[in-house]
Amino acid sequence: MDVEKQSVAAPFVKWAGGKRQLIPQIRERMPEKYNKYYEPFVGGGAVIFELLPKDAVINDINRALINTYKVIRDMLAEFLAWLNKLDREMWEDGKKYYYMLREHYNDKLMQDEFDAELAALFVFLNKHCFNGLYRVNGKGLFNVPYNNSRRESCDMETIMAVSEYLKEVTIMEGDFQNACEDADKGDFVFIDSPYAPLNPTSFEAYTKEGFDVESHRRLAALFDELTARGCYCMLTNHNTDLINELYGNKGYRMDIVSVKRMINSDAANRVGEEVIICNY
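Residues numbered from 1 in each chain as written. Predicted model: local features only at pLDDT ≥ 70, side-chain atom pairs only at ≥ 80, totals over all residues. Heavy atoms only, no water.

Aromatic rings considered in pairs are described by the distance between their centres and by the relative angle of their planes. Under the defined criterion, the tally for this structure stands at 22 aromatic pairs. Connected via pairs of aromatic rings, a cluster forms that spans Trp15, Tyr105, Phe122, Tyr134 and Phe142. A cation over an aromatic ring shows up here: arginine 63 above the ring of phenylalanine 114, its NZ or CZ 3.8 Å from the ring centre. (Phe/Tyr/Trp six-rings, centres within 6.5 Å; stacked < 30°, edge-to-face > 60°. Lys NZ or Arg CZ within 6 Å of the ring centre and 35° of its normal.)

The structure is reproduced here in structure tokens:
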């Protein structure tokens, strides 16, 4: 399919497990031609903003994230007004200001106020929190500490390009299975699922719903189903026993690549292996 390249479109938030560093490896393994593009775990959007497919469906279960995508697409002026206000009014004590805004953000989450102000808070907190990590507690409230940054929360050209591009994109919120319901023969489904645990006793959740081993089994079944439909599927994850159990011995291409894991607080654990799985 034809892809129109817009040089200034890029991810506007940092996201755990984001695929910016794997873009060359992903590009070289993509199908030469495909129809519709599906990304059921869009996260920060590193891949879609690199490819910019003209006919695309993106999805995520994180309601605050998807609200931000929709607000940037549909209410750009209001979003920018809020974000500029948050940047402009930052106190001399940036730490106190950050925690005040984090509390306000969580209050809005509890009140189900998914609006332009929440989207601006989402981006501000992402830019000023530790490692750009989105993490919530058992109640679903954002709890990442301050990173001592006073930088501006967005690049105006990037946000405007993203808003323009998203006008042509179908944005969904919910389960990955529903997002792929209409995927058909010749469509390309890029699956950047939550990471399988490196240690089965320790599992980090980026949404309060989490993504457990049973979710990974359900996703593997969907991968098989999409393959049977004739979709081109590519999936990335940690190179773990679980992932090899779910996708190995099925005839899928499985390539192991080295990655840096910048989110990990222990520098010794920042180099690891990921696997790129393709059904074509």
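Right, let's get into helix α5 (residues 94–110). A rise of 1.5 Å per residue sets the reference length of α5, with its 17 residues, at 24 Å; its end C-alpha atoms lie 24 Å apart and thus fit the reference within 8%. For α5, the full list of buried residues reads Gly94, Tyr97, Tyr98, Leu101, Arg102, Tyr105, Asn106, Lys108 and Leu109. Looking at the packing, one finds that the buried side of α5 touches α3 (63–74), α4 (76–88) and α6 (116–128). After α5 finishes, the residue aspartate 112 shows a positive phi value of roughly 60 degrees. (Helix = DSSP H or I, 4+ residues; strand = E, 2+ residues; numbered from the N terminus. Expected span 1.5 Å × (residues − 1). Buried < 20%, exposed > 50% of the residue type's maximum accessible area, 1.4 Å probe, protein only. Contact = heavy atoms within 4.5 Å.)

All right, on to the pairing of strand β5 (residues 232–238) then. Of all seven residues in β5, six are buried, a share of seventy percent or more. As judged from the four bridges shared by strand β4 (residues 188–191) and β5, these two strands associate in the parallel manner. When the bridges of β5 are listed, isoleucine 191 appears paired with leucine 235. (Pairing = 2+ DSSP bridges.)

Where burial is concerned, the two faces of β4 agree: the one with Phe188 and Phe190 and the one with Val189 and Ile191 are both buried. In terms of strand pairing, strand β1 (residues 37–39) meets β4 through two bridges, oriented parallel. Considered in β4, the bridge of tyrosine 37 is made with phenylalanine 188.

Treat this as a map of the structure, not an account of what it does.
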